[in-house]
Amino acid sequence: MRQLRSDLPDVEVKSARNGLPDSITESLCAFANLPGGGLLLLGLDETAGFAPVHLADATGLAAGVASRARQAFEPPVKLDVSVEDFEGAHVVVARIFETHPSAKPCIVRRSGHAYMRYADGDYVMSQLEVDAFIVSRDRPRFDEEPVAGARFDDFDTDVLASYIANARVGDQRLARLVDDDAVLMRTGAMTRERIPTAAGLLALGTYPQQFFPQFAIRAALLPDGADLGTRALDSATFTGPLPVILDSAVEWVRRNSRRRIVTNLDTGRTREVIDPPPAAIREFVANAGSKPAPHRDL
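The paragraphs below set out a description of the structure included in this document. Note that the structure is predicted; figures quoted are calculated from it, not measured.

1. A closer look at helix α9 (residues 278-288)
For step 1, the next point in the chain: Turning to α9, its buried residues are I281, V285 and A288. For α9, the buried positions fall inside an angular range of 65° around the axis, keeping them on one side.

This is the structure in structure tokens:
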């Protein structure tokens, strides 16, 4: 940089003499969208031949960069940040990692803008450039990975048989496959070595929680505010393959829902009404489990 008297396409320098510069936001975003990422250096003065600046609080600047990377972007920017000695002074070194292609472009939450690195500058992406990133996104494929330590015997035989039968009924191409293993391989439930994939084990396993303990639903029926001494009126934890978990949780919610007997005044017929309706219960439970966490609470 001293030879060129300029920043580099993958290196941005800020003096940070007066604290954390606002302009690092654009640089962090641009490097996150740059193939291979980039390097942000705080504590060098470009106008003085990249001479070191004596920073008042290099450690605080490093913490500020890490906080900005975590909070200011969607998705958050991943980086390694450290304080290094250079020519008798401290320099904050932040190595920014490229955002995964399935999540690009990285955008600044406050403005909604995405930035791209050109030469030694950071520029707002045009809508055409943003659309190009979105079109080229690669979907995550972690569900296709084989599960370490899992075997074919970890599949639930009853669930497996039902799945294979339904797959053949719903797809003419799969119906031509006589071998059950071929159906499971073609649909991504297991590998050619008969090792269950993450998707296959979660959907068809006897007890997927052996390998994915976080994939369970924990539910509790809470008392109203008047009953201060009771923590819960009923509670349950649901495990097993996802279809079983969903059905069990839905049934539990239905069992603990309000029920009313409604009479039609014209016909005299009565019917039971569940509040909320069963269809809404199933939708709620399915959505509650759509973002895995260390147990999903209901």
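2. Description of the side chain of T197
For step 1, the next point in the chain: As for its position among the elements, T197 is in the loop between α6 (180-186) and α7 (198-204).
For step 2, the next point in the chain: Note on T197: relative accessible area 2%, which makes it buried.
For step 3, the next point in the chain: There is a polar contact of 2.6 Å between the side chain of T197 and the backbone oxygen of G188.

3. Quick notes on the side chain of R68
For step 1, the next point in the chain: Tracing the backbone through its elements, the reader meets R68 in helix α2 (residues 58-71).
For step 2, the next point in the chain: In terms of polar contacts, R68 uses its side chain to reach the side chain of T25, at 2.7 Å.
For step 3, the next point in the chain: Residues within four places of R68 in sequence aside, it is in contact with L20, P21, D22, I24, T25, L28 and F73.

4. Side note on the sheet that holds strand β2 (residues 38-42)
For step 1, the next point in the chain: With mixed pairing, the four strands of this open sheet are ordered in space as β1-β2-β7-β6. Edge positions in the sheet fall to β1 (11-14) and β6 (79-86), since each has one partner strand and no second. Ignoring strand direction, the axes of neighbouring strands in this sheet form an average angle of 20°.
For step 2, the next point in the chain: Judged from the four bridges that link them, β1 and β2 form a sheet pairing that is parallel. Bridge pairing in β2 places E12 opposite L40.
For step 3, the next point in the chain: Running over the sheet, α2 touches β2, β6 and β7 (89-96) and is turned about 160° from β6.

Parameters at a glance
Residues numbered from 1 in each chain as written. Predicted model: local features only at pLDDT ≥ 70, side-chain atom pairs only at ≥ 80, totals over all residues. Heavy atoms only, no water. Buried < 20%, exposed > 50% of the residue type's maximum accessible area, 1.4 Å probe, protein only. Helix = DSSP H or I, 4+ residues; strand = E, 2+ residues; numbered from the N terminus. Arc of directions from axis to C-beta. Polar contact = N/O pair within 3.5 Å; in protein donor to acceptor, adjacent residues only side chain to side chain. Contact = heavy atoms within 4.5 Å. Pairing = 2+ DSSP bridges. Axes fitted to C-alpha atoms, helices over the stretch in contact; angles between N-to-C directions.

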